[in-house]
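Residue strings, one per chain:
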Amino acid sequence: MTLGTLFAQITDYANRADPYPLYAALRASPVTRQDDGSYLVSTYYEVRSLANDPRLSNDPRNSIPGADGPAASEEDTNLPPAFLFQDPPGHDRLRDAAMRPFGPPHSPRFLHDLRGELARVVAGLIDGLEGKDEIDVVGDFAYPLPVTAICKVLGVPREDEQRFHGWADTVASGLDPSGGPRGKEKAQQARRELGVYLSGLIDTKRRRNGSGILGPLARDTGPGGSMSTTEVVATAVLLLIAGHETTVNLISNATLTLLRHPEVLDRFRKEPELVVPLVEEVLRYEPPVQFIPFTTALADIDIAGTTIPKGVTVRLMLASANRDPQRFDDPDRFDPDRADNQHLGFYTGIHYCFGAPLARMEAQLALPELFRRLKNPRLLTDPPPYRANPVLRGPRHLPVAIDGLTAP
Ligand code: HEM
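What counts and how
- Residues numbered from 1 in each chain as written.
- Predicted model: local features only at pLDDT ≥ 70, side-chain atom pairs only at ≥ 80, totals over all residues.
- Heavy atoms only, no water.
- Helix = DSSP H or I, 4+ residues; strand = E, 2+ residues; numbered from the N terminus.
- Rg over C-alpha atoms; globule rule 2.2 N^0.38 Å.
- Buried < 20%, exposed > 50% of the residue type's maximum accessible area, 1.4 Å probe, protein only.
- Contact = heavy atoms within 4.5 Å.
- Areas by Shrake-Rupley, 256 points an atom, 1.4 Å probe, with all protein chains shown as cover.
- Near = heavy atom within 4 Å.
- Polar contact = N/O pair within 3.5 Å; in protein donor to acceptor, adjacent residues only side chain to side chain.
- Nonpolar A, V, L, I, M, F, W, Y, C, P; charged D, E, K, R; others polar.
- Core = buried A, V, L, I, M, F, W, Y, C linked by side-chain atoms within 4.5 Å.
- Donors = N, O, S within 2.8 Å, 3.2 Å for Na, K, Ca; no water.

1. Digging into the overall build of the protein
Step number 1: Each helix and strand in the protein was counted, giving 17 helices and 10 strands.
Step number 2: Relative to the globule expectation of 22 Å for 408 residues, the C-alpha radius of gyration of the protein, 21 Å, shows essentially globular dimensions.
Step number 3: C-alpha atoms of the protein, sized along the principal axes, occupy 60 × 60 × 40 Å.
Step number 4: For the protein, the residues scored as buried account for 57% of the 408 residues in total.
Step number 5: Of the contacts formed within the protein by residues at least 6 apart in sequence, a portion of 72% connects residues at least 24 apart.
Step number 6: Put simply, the protein shows about 16800 Å² of open surface, and 53% of that area lies on carbon and sulfur atoms.

This is the structure we're talking about:
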């Protein structure tokens, strides 16, 4: 095995259930050139350093023409690039504007006020498992929750939520490099449909404020305002996509990890407040975003004895950095008591996850309630079947046997 073929192996579906030995092999060298010409960064301090380095660009317009970057999934949508795919100053302007209705300092209560509603959604999903002795934790529980949460954040009417499941799923699968041209085409089509739908919704919200951030964002436009209508649409699409499968994976990966660690699960049932460090440890140990797949070097970058040449694609391997023994003691051990758990599950630097407080809230609501109510949950398949995507890695299904539910 040569280091230059490791990326091909990491993306190979055969290794989806357990990519961690490949990441361990990759860490033999912090920065490696792959046979496809990209550079992989695998160690904690090097990933951290590059994530904060303005010489790395998230903007696909800087990538070499023809490179298989995110540009392909952005084409033909008639939308400006969302802030995830921009560098400063464009990134900062849009991110600041999106934060105004969503979080501190302008809207510190916004997420807090959604808490009760989301707790009811969690309870309702679990009530729906009544009478079953076998459940799919992904399809029956983890999958519906984040879509509902994003719909509430955006202010999407309830009757339209089902359509979001389809769109979000299709667009997310278009990000999978193994999906081929057909996957990308379908993803672009779904993005266009979402865009048309959201433009209509934004028009309505501009006239008549409702719940969610789209109303404030839509009225905050025009000359002197901070976002154009198409920028609001692009931001809404970004929030929907970025907040969907990632959070599904967090809840599913946490459930799988707990069922594989019965001693931690026993303790969690007695101490539900353990959920806070437990969620952080899942974000380190089984991160829902395994790596940042496409950034471009804007200059030659010297790091850890290697020069990354200007113009190449650089991939930052978060899941590998999270298990770097130089940073985490006994990194392959799942340990919610771990001190100073500065994992990179939400990334770091200017593109640090915008939705981290929401994702944490969802997982912290979902997991204690799920394990309080499920009687004697047992994994039916281990490993479970995984989704194809190597970046947004998580089970496609998580079949679990139960002896029914305890009362609400
Ligand atoms: C467990 C769930 C989540 C994980 C693990 C996660 C992880 C990440 C990561 C690794 C990035 C950096 C991506 C890059 O630079 O290429 C990111 C960015 C982002 N995330 Fe999340 N995310 C999660 C949930 C959410 C949610 C719920 C939302 C929406 C409310 C969201 C919205 C965003 C946005 C908008 C960005 C772009 C930030 C920027 O470019 O400044 N994420 N997330």
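Once the structure has been displayed, the description carries forward.
2. As for the site of the ligand
Step number 1: Lining the immediate environment of the ligand, one finds 28 residues, of which H91, R95, G243, H351 and C353 sit closest.
Step number 2: One of the side-chain nitrogen or oxygen atoms of H91 is found 2.6 Å away from an oxygen atom of the ligand.
Step number 3: For the ligand, a nitrogen atom lies 3.5 Å from a polar atom in the backbone of A242.
Step number 4: Broken down by secondary-structure element, the contributors of at least two residues to the shell around the ligand are α5 (90–99), α12 (229–242), α13 (245–260) and α17 (356–373).
Step number 5: Residues that form the shell around the ligand fall into these classes: 19 nonpolar, eight polar and one charged.

3. Concerning the nonpolar core
Step number 1: In this structure, F164, L198, L358 and L367 are the most contacted members of the largest nonpolar core, which totals 90 residues.
Step number 2: Here this core takes 10 residues from α17, the largest share from any one element.
Step number 3: Counting 21 residues, the second-largest nonpolar core is a separate cluster that includes Y44, V47, L56 and I308.

4. Remarks on the coordination of the iron atom of the ligand
For a metal with four tetrahedral donors the ideal donor-metal-donor angle is 109.5 degrees, whereas six octahedral donors ideally subtend 90 or 180 degrees.
Step number 1: Protein coordination of the iron atom of the ligand is limited to a single donor, C353 (SG), which sits 2.3 Å from the metal.
Step number 2: Inspection of the secondary structure assignment puts C353 in the loop between α16 (318–321) and α17.

In short, geometric facts, not functional conclusions.
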